[in-house]
2 protein chains.
Amino acid sequence: MSLQSYLEAINLEISKTTYGESPEELYEPIRYIMDLGGKRMRPALTLMSANMFLYNWQKALKAALAVEVFHNFTLMHDDIMDQAPIRRGQPTVHEKWNPNVAILSGDVMLVSAYELLLTVEDRHIKRVIKRFNKTAAEVCEGQQLDMNFASRDDVSEEEYLEMIKLKTSVLLGFALELGAIIADADDESIQLLYEVGLNLGIGFQLKDDILDVYGDPEKFGKQVGGDIIENKKTWLMLEAIKKSKGTPSEKELNKWLTATTFDAKKKVKAVTEIYDKLEVRPDAETKMNEFFDKGLEALKKLKVSEDKKQILKQFADYLMERES
Amino acid sequence: MSLQSYLEAINLEISKTTYGESPEELYEPIRYIMDLGGKRMRPALTLMSANMFLYNWQKALKAALAVEVFHNFTLMHDDIMDQAPIRRGQPTVHEKWNPNVAILSGDVMLVSAYELLLTVEDRHIKRVIKRFNKTAAEVCEGQQLDMNFASRDDVSEEEYLEMIKLKTSVLLGFALELGAIIADADDESIQLLYEVGLNLGIGFQLKDDILDVYGDPEKFGKQVGGDIIENKKTWLMLEAIKKSKGTPSEKELNKWLTATTFDAKKKVKAVTEIYDKLEVRPDAETKMNEFFDKGLEALKKLKVSEDKKQILKQFADYLMERES
């Protein structure tokens, strides 16, 4: 199977799925956000994982979709909390409708994710929902930590890595784990695939942090420098704060971090120059590679044919090399 | 078993339950809202229902609690949407913390409800979660309809009854159904108990509408006349609009419904006088009794001993006669 075939199957399934009819304000935003697109990375991971154990991966489509629906539910609610006006180039749900609609539609999306998970075979339901509950709670914990960090200036690298693990990586781990559970894999393989997802997920988020500063504006799809404008405590920012201590950059960086009014473009340019001077980017890339390597190490230990692992390796490469 | 014993067991279970530890902003609001109290009507219904089929009702405690956690999740999110400052005499979560905290804590509460439901025996999990999903989606639909009605002046009685069925009654139906499923009741009994809850639930909401106007301020616990102040399209208001057509009250009622500035006390007094003149209260009580009777009719058909039905009958009486 190629990645393309998985993605086509996922997009077809999304186009066929109905979440409910009436009232329209409740269900239309679900179709809207699901149709905005995205990489469909999470459901693809579930299908790849199921297929590794010779499982008829088409039977896992609805469960795979549950992960995508859950992910989009978190985006809908996070966008309210972050007051984000734009998502994938389109108005966010709370902007297009209003925050109440985004709260309530999001709630129904979370319920829909559970409904889709009920399509796994009966003997797997309890385990799947138990693991999903844990993952969902962790994703919420990650979002709360992310919000808490915004008003703190003493976030450590460890705390940051823990936050992105919760907010992003555990769901990638669950996506792979889910496919393996569905496909009746043994416990060791299930655990290894979870570790693959967890580590690729952290690498994936570090890549996101790098792209937010160094992405090609033509390809990135979001505003380059958005994290810098918002003083987000990304890995690069934390590293820059650490490396600048005692250097002339310390004062300069602090000036931008505490400025209440500023020209956004100038700030992005100045902070990026500080990053360049401190050589923060290669550090971030080293860190990112560490996590990708850790993920691939776990994959190596997995007892399935090299052939079956190939697509996941390619996918990891794509995540590492991507420009958007 | 007495109602008191059920309530004590429920409150003990609530005091023992932990939802998570860190970050505090995520989990503290859950403990806060669960500790605000309330009638604990829904979990009590689940336990009564389980006990009807000679089931060791203590084993159903965590599942019963799931219904209460879900109910409180809807209150947390509804209070944001309704901008309600006070809940059970205390600041609402979005007031005490902020709306973001209320969104995210609510999300985790919904996940916690699913986790508590997983305590039912394995063979019931799929059915229980499937029915819970349907109920949860309906409750969201009811809340959306309720919000939609605020800006409409052509809501029919039928539409209103459908809205309160979704927003309030289906969860009471599910609470009774859940106990019966857990206790391995036959499908006919499960369906009958659902109908009992559905009809008692509509009666319960009509009683709420009546209390909102005619409750004793000393006992009611909320501001009497709140629905009138907000122009809520309650059953009494819809009936008053209908009955006033072509009478002198029509203009008077319309004046208050369209007034943009008004003295709240005067409005409550004047609209209550219109209700009195049109004899809307006895109509509402007749309607309420109809639904309570329908619920008790369904209970009659249930094939369990009279003795076992007694507590549910008493509970229905209490709901009908209550003053708060």
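Bear in mind the structure is a predicted one, so any value in this text is a computation, not a measurement.

Draft legend 1. Structural view of the overall build of chain A. If you tally the helices and strands in chain A, you get 16 helices and two strands. If you line up chain A on its principal axes, its C-alpha atoms span 60 × 50 × 35 Å. Classification of the 324 residues of chain A by burial places 60% in the buried group. Looking at chain A alone, contacts between residues at least 24 apart form 75% of all its contacts between residues at least 6 apart. Surface exposure of chain A reaches about 13900 Å², of which carbon and sulfur atoms provide 49%. Both charge centroids of chain A, one from 44 positive and one from 55 negative side chains, sit 2 Å from each other.

Draft legend 2. Inspection of unusual backbone geometry at higher detail. The peptide bond linking Ser22 of chain A to Pro23 of chain A adopts the cis configuration, its omega dihedral lying at -5°. Inspection of the secondary structure assignment puts Pro23 of chain A in the loop between helix 1 (3-16) and helix 2 (24-35). Non-glycine residue Leu54 of chain B carries a positive phi angle of around 60°. Inspection of the secondary structure puts Leu54 of chain B in the loop between helix 3 (41-52) and helix 4 (61-81). Given the relative accessible area of 71%, Leu54 of chain B is considered exposed. Positive phi, close to 50°, is recorded for Gln83 of chain B, a residue that is not glycine. Along the chain, Gln83 of chain B falls in the loop between helix 4 and strand 1 (86-87).

Draft legend 3. Inspection of the packing of helix 2 of chain A against helix 6 (residues 99-117) of chain A at higher detail. Residues and elements named next belong to chain A. One can describe the packing of helix 2 onto helix 6 by two numbers: an axis separation of 9 Å at closest approach and a directional angle of 75°. The orientation of helix 2 with respect to helix 6, classified from their angle, is roughly perpendicular. Contact with helix 2, carried on its side by Glu25, Leu26, Tyr27, Pro29, Ile30, Ile33 and Met34, involves Val101, Leu104, Ser105, Val108 and Met109 of helix 6 and no other residues of that element. Of the residues in the contact of helix 2 with helix 6, the class split is 10 nonpolar, one polar and one charged.

Draft legend 4. The interface of chain A and chain B, seen in detail. Every contact between the two is made by 35 residues of chain A and, on the other side, 35 residues of chain B. Where chain A abuts chain B, roughly 3300 Å² becomes buried across the two surfaces, and 68% of that area is made up of carbon and sulfur atoms. In this structure, the connection of chain A to chain B is made through four salt bridges. The partner of Asp122 of chain B in a salt bridge is Lys126 of chain A, and the shortest N-O contact between them spans 3.1 Å. For the pair chain A and chain B, the number of links is 14 residue pairs in polar contact (both at pLDDT 80 or more). With 15 residues, the single largest contributor to the side of chain A that touches chain B is helix 7 (residues 122-150) of chain A. Counted by class, the side of chain A that touches chain B contains 21 nonpolar, seven polar and seven charged residues.

Draft legend 5. Representation of the side chain of His124 of chain B within the structure. All names here are of chain B. Structurally, His124 is set in helix 7 (residues 122-150). For His124, a relative accessible area of 9% translates into the label buried. Polar side-chain contacts of His124 include one of 3.3 Å to the backbone oxygen of Ile181. A polar atom in the side chain of His124 sits 3.0 Å from the side chain of Asp184. Residues in contact with His124, not counting those within four places in the same chain, are Ile181, Ile182 and Asp184.

Draft legend 6. Broad picture of the confidence of the model for chain A. Of the residues in chain A, 100% reach a pLDDT of 70 or more, and the chain-wide mean stands at 95. The complex model carries a pTM of 0.96, and its ipTM stands at 0.96.

Draft legend 7. Here's a closer look at the packing of aromatic side chains. Counted according to the given criterion, the structure contains 15 aromatic pairs over all chains. The interplanar angle of 80° and the centroid separation of 5.0 Å between the aromatic rings of Tyr6 of chain A and Trp57 of chain A together place this pair among those described as edge-to-face. Of this pair, Tyr6 of chain A sits in helix 1 while Trp57 of chain A sits in the loop between helix 3 (41-52) and helix 4 (61-81), and the two are 51 residues apart along the sequence. The burial state of Tyr6 of chain A is the same as that of Trp57 of chain A; both residues are buried. On the numbers, 5.4 Å between centres and 80° between planes, the contact of Tyr32 of chain A with Trp97 of chain A is edge-to-face. Taken as a pair, Tyr32 of chain A in helix 2 and Trp97 of chain A in the loop between helix 5 (93-96) and helix 6 lie far apart in primary sequence, 65 residues in all. Judged by its relative accessible area of 25%, Trp97 of chain A falls in the partly exposed class. An aromatic cluster is built from Phe70, Phe73, Tyr114, Phe132 and Phe174 of chain A together with Phe70, Phe73, Tyr114, Phe132 and Phe174 of chain B, whose rings are joined through pairwise contacts. The ring of Trp97 of chain B has Lys96 of chain B lying over it, and the distance from NZ or CZ to the ring centre is 5.7 Å.

Draft legend 8. A look at the relation of the copies chain A and chain B. Overlay of chain A on chain B (RMSD 0.1 Å): rotation 180°, translation along the axis 0.1 Å. Expressed as a symmetry operation, the mapping of one chain copy onto the other fits a two-fold axis. Interface overlap between copies is the fraction of interface residues in one copy that are interface residues in the other; for chain A against chain B it reaches 100%, indicating a shared surface.

Draft legend 9. Up close: helix 4 of chain B. In this model, helix 4 of chain B (21 residues) spans 31 Å end to end at C-alpha, consistent with the 30 Å of a helix rising 1.5 Å per residue. Looking one or two residues past helix 4 of chain B, Gln83 of chain B carries a phi angle of roughly 50°, positive in sign.

Draft legend 10. Fine view of empty space enclosed by the protein. In this structure the tally under the stated criterion is three cavities of 30 Å³ or more. Computed from the structure, the largest cavity encloses a volume of approximately 70 Å³. Around the largest cavity, the lining residues are Leu104 and Asp107 of chain A together with Phe73, Thr74, His77, Asp78, Val139, Cys140, Gln143 and Lys167 of chain B. Among the elements of the structure, helix 6 of chain A together with helix 4 and helix 7 of chain B are those that each provide at least two residues to the lining of the largest cavity. With four residues, helix 4 of chain B is the single largest residue contributor to the lining of the largest cavity. A per-class count over the lining of the largest cavity returns four nonpolar, three polar and three charged.

What counts and how
Residues numbered from 1 in each chain as written. Chains lettered and ligands numbered in written order. Predicted model: local features only at pLDDT ≥ 70, side-chain atom pairs only at ≥ 80, totals over all residues. Heavy atoms only, no water. Helix = DSSP H or I, 4+ residues; strand = E, 2+ residues; numbered from the N terminus. Buried < 20%, exposed > 50% of the residue type's maximum accessible area, 1.4 Å probe, protein only. Contact = heavy atoms within 4.5 Å. Areas by Shrake-Rupley, 256 points an atom, 1.4 Å probe, with all protein chains shown as cover. Lys, Arg positive; Asp, Glu negative; His and termini not counted. Charge placed at Lys NZ, Arg CZ, Asp CG, Glu CD. Axes fitted to C-alpha atoms, helices over the stretch in contact; angles between N-to-C directions. Parallel < 35°, antiparallel > 145°, perpendicular 65-115°, else oblique. Nonpolar A, V, L, I, M, F, W, Y, C, P; charged D, E, K, R; others polar. Buried area = accessible area lost by both parts, 1.4 Å probe. Salt bridge = Lys/Arg side-chain N within 4 Å of Asp/Glu carboxyl O. Polar contact = N/O pair within 3.5 Å; in protein donor to acceptor, adjacent residues only side chain to side chain. pLDDT = per-residue confidence, 0-100. Phe/Tyr/Trp six-rings, centres within 6.5 Å; stacked < 30°, edge-to-face > 60°. Lys NZ or Arg CZ within 6 Å of the ring centre and 35° of its normal. Least-squares fit on C-alpha atoms with pLDDT ≥ 70 in both. Expected span 1.5 Å × (residues − 1). 1 Å grid on protein atoms, 1.4 Å probe; cavity = no way out; pocket = protein on both sides within 12 Å on 5 of 7 lines; lining within 4 Å. Points joined across faces, edges and corners; volume = space filled by probe spheres on them.

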